[in-house]
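Below are the chains, spelled out letter by letter.
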Amino acid sequence: MAGNTSSRRHFLALTALSAPVLIWPGLLRAATAPRSLAFHHTHTGESLELEYSEAGRYIPDALLSINRLLRDFRSGEVHSIDPQLLDVLYGLRQQTQSTTPFEIISAFRSPATNEMLAHNSSGVSRNSLHLSGRAIDIRLPGVATAKLRDAGMRLRAGGVGYYPDSDFIHVDTGR
């Protein structure tokens, strides 16, 4: 009986050690695959399509271009957008299998803009993640808003808000 337990432990130890080796190639490919996004800003009319990550690293010039596009369109103030938020958008695109540009409703908001919006609407948080570049309000043409919300919920990568009357969702990198 003691030999049987020892053999079982040995087998389990070898299996545990070999599992990462079997899984690693897929993880490596997923982590290093180029990632691209396309946007159309509904308020400024600007569009952008670019690769923002390659070989598992964010591309600094691409992030600067995205920061500029996703600026506070009311004040013109530019702020860094959380790269993890871009990964959420990439995940949404993968889940929906869409190739159309995201329509941007709102991304970064300056404190003055957020205060004005919070003053005029009970649905705007005074501590919004838009203030830190960690939230974005979007549509994805050709994808029903409810389907986009469901895809966001499946990602489990942050918050998801659903605004069917205004036909957009909110995603963020918060809890």
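Report on the accompanying structure. Nothing here was measured: the structure is a model prediction, and the numbers come from that model.

Rules behind the numbers
Residues numbered from 1 in each chain as written. Predicted model: local features only at pLDDT ≥ 70, side-chain atom pairs only at ≥ 80, totals over all residues. Heavy atoms only, no water. Salt bridge = Lys/Arg side-chain N within 4 Å of Asp/Glu carboxyl O. Helix = DSSP H or I, 4+ residues; strand = E, 2+ residues; numbered from the N terminus. Buried < 20%, exposed > 50% of the residue type's maximum accessible area, 1.4 Å probe, protein only. Pairing = 2+ DSSP bridges. Contact = heavy atoms within 4.5 Å. Axes fitted to C-alpha atoms, helices over the stretch in contact; angles between N-to-C directions. Polar contact = N/O pair within 3.5 Å; in protein donor to acceptor, adjacent residues only side chain to side chain.

1. Thoughts on the pattern of salt bridges
Move 1: Under the defined criterion, the tally for this structure stands at 8 salt bridges.
Move 2: A salt bridge links arginine 35 to aspartate 87, with the shortest nitrogen-to-oxygen separation between them at 3.1 Å. With arginine 35 in strand β1 (residues 35–41) and aspartate 87 in helix α3 (residues 83–96), the pair connects residues that are 52 residues apart, well separated along the chain.
Move 3: What makes aspartate 87 partly exposed here is its relative accessible area of 21%.
Move 4: A salt bridge links arginine 139 to aspartate 167; its shortest N-O distance comes to 3.6 Å. Of this pair, arginine 139 sits in strand β5 (residues 135–139) while aspartate 167 is found in the loop between β6 (160–163) and β7 (168–172), placing the two residues 28 residues apart along the sequence.
Move 5: For arginine 139, a relative accessible area of 25% gives the class partly exposed.

2. Quick word on the sheet that holds β6
Move 1: Across the sheet, 7 strands lie side by side as β3-β2-β1-β4-β5-β7-β6; this open sheet has mixed pairing. Across the chains shown, the open sheet's two edge strands, defined by having one partner strand only, are β3 (57–58) and β6.
Move 2: Both β1 and strand β4 (residues 102–106) contribute to a ladder of 3 bridges, which runs parallel. Along β4, the bridge assignment pairs phenylalanine 39 with phenylalanine 102.
Move 3: Packing of helix α2 (residues 60–69) onto the sheet brings it into contact with β1, β2 (47–54) and β3, and relative to β2 it is tilted by some 145°.
Move 4: Against the sheet, α3 makes contact with β1, β2, β3, β4, β5 and β7, and its axis sits at roughly 90° relative to β1, the strand it touches most.

3. Topic: the side chain of aspartate 82
Move 1: Structurally, the position occupied by aspartate 82 is in the loop between α2 and α3.
Move 2: A distance of 3.0 Å separates the side chain of aspartate 82 from the backbone nitrogen of glutamine 84, its partner in a polar contact.
Move 3: Within polar-contact distance, the side chain of aspartate 82 engages the side chain of threonine 173 at 2.8 Å.
Move 4: Once residues within four sequence positions are removed from consideration, aspartate 82 is found in contact with Gly133, Arg134 and Thr173.

4. Some details on unusual backbone geometry
One can expect most non-glycine residues to show negative phi and most peptide bonds to be in trans.
Move 1: In this structure, alanine 55 is a non-glycine residue whose phi angle is positive, near 55°.
Move 2: Looking at the element boundaries, alanine 55 is found in the loop between β2 and β3.
Move 3: Look at alanine 55 and you get exposed, because its relative accessible area is 53%.
Move 4: Notably, aspartate 167 is not glycine yet its phi reads approximately 60°, a positive angle.
Move 5: Judged by relative accessible area, aspartate 167 falls into the partly exposed class, the value being 36%.

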